[in-house]
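Spelled out, the chains give:
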Amino acid sequence: MTPEPLAADVQEAVALIRAQETRVPDVALVLGSGLGSLADLAEAPAVLATRDLPGYPRSTVAGHEGRLVFGRLEGRDVVFIQGRVHCYEGLPVRTVTFPIRLVHALGARRLLVTNAAGGINPAFAPGTLMFITDHINASFANPLAGPNTDGGPRFPDMSAPYEPGWLDQAEAVALRHGIATRRGVYLWTLGPSYETKAEIKFFARLGADAVGMSTVPEVIQARYLGMDVLGLSTITNPAAGLNAEPLTHEDVLVVGRRVRDQLQRLVKAIIRET
Ligand code: HPA
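Because the structure is predicted, anything quoted here is derived from the model rather than measured.

Student: Lay out the overall build of the protein with the relevant residues and their values.
Tutor: The number of helices and strands found in the protein is 8 helices and 9 strands. Relative to the 2.2 N^0.38 estimate, which gives 19 Å for 274 residues, the radius of gyration of the protein is 18 Å and therefore close to what a compact globule would have. When its C-alpha atoms are laid out on the principal axes, the protein stretches across 55 × 40 × 40 Å. Expressed as a percentage of the 274 residues in the protein, the buried residues total 49%. A separation of at least 24 residues holds for 82% of the contacts in the protein among residues at least 6 apart in sequence.

Student: Describe in detail helix H3 (residues 98–105), supporting the description with residues and values.
Tutor: Counting buried residues in H3 gives 7 out of 8 residues, a clear majority hidden from the surface. In the segment just after H3, Gly107 is the residue with positive phi, at about 115°.

Student: I'd like a rundown of the pairing of strand E1 (residues 27–30), residues and numbers included.
Tutor: Side chains on a regular strand alternate between the two faces of the sheet. Neither face of E1 is open: one carries Val27 and Leu29, the other Ala28 and Val30, and all of them are buried. Two elements, E1 and strand E4 (residues 76–82), share 4 bridges in a ladder whose sense is parallel. Across the sheet, Ala28 pairs through a bridge with Val79, a residue of E4.

Student: Give a description of unusual backbone geometry that names residues and reports values.
Tutor: In this chain, Gly191 is followed by Pro192 through a cis amide linkage whose omega measures 0°. At Ala44, a position not held by glycine, the phi torsion is positive, near 50°. Looking at where Ala44 falls in the secondary structure, it is placed in strand E2 (residues 43–49). The exposure class of Ala44 is exposed, given its relative accessible area of 51%. One non-glycine residue, Phe140, lies in the positive phi region at around 55°.

What counts and how
Residues numbered from 1 in each chain as written. Predicted model: local features only at pLDDT ≥ 70, side-chain atom pairs only at ≥ 80, totals over all residues. Heavy atoms only, no water. Helix = DSSP H or I, 4+ residues; strand = E, 2+ residues; numbered from the N terminus. Rg over C-alpha atoms; globule rule 2.2 N^0.38 Å. Buried < 20%, exposed > 50% of the residue type's maximum accessible area, 1.4 Å probe, protein only. Contact = heavy atoms within 4.5 Å. Pairing = 2+ DSSP bridges.

Spelled out as structure tokens, the structure:
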């Protein structure tokens, strides 16, 4: 099969970036809510505003400037995707996954996705770090819907979206460094409203351990492109109905900040040792 040429917007964005930055990232890291500061870990950073890149989605959230941060992390070339956008902002799912098509075109073959999630599994208290073993697409949107023009299969396999070998290695790294982690299934809801108690009961029965409003589109896009994926959720709150208190975004951010140091330690060790 002859690969299709890159979409014009990806091609143009690559050319603009390559004029400024020539390093080829090994790993791309998507930074979730409250985790944006992970990019501060980059050594010899080159920070590119994504505002002027054709096709690159703009976050509608004030203060969430989109940036690509190229740099070295623990001896590897990486690129951080800062200022993730979500479908709940009203953006088409295909637009949401543009950054993944872009980092793939820039050479990244591994994707480490992070997010903040509500805990459905009652054993997952706020602050739990959960490796994603699998996901449930409960938003029924798919970034691959439409003409198949990006060179991958029309019907990509999703029986192991999170690379099992990488997951095992990352778990072993966590163990070596004394960082407690769990494994679980992540379920994607569109949002932006949090779930009802009845929805959480329903999702628990479906086998979900955690719920959130991101990640799944990016993972589908990355797998289509043949990238290896590792997913890491920070459980920031008990999901609706599992706690007496109503949910607020502020709680999510506070817990995210609380475990940030540990998460940073884990991410660095994974990049270094896997
Ligand atoms: N539900 C959906 N998304 C979330 C949650 C939640 O409880 N916590 C953090 N992101």
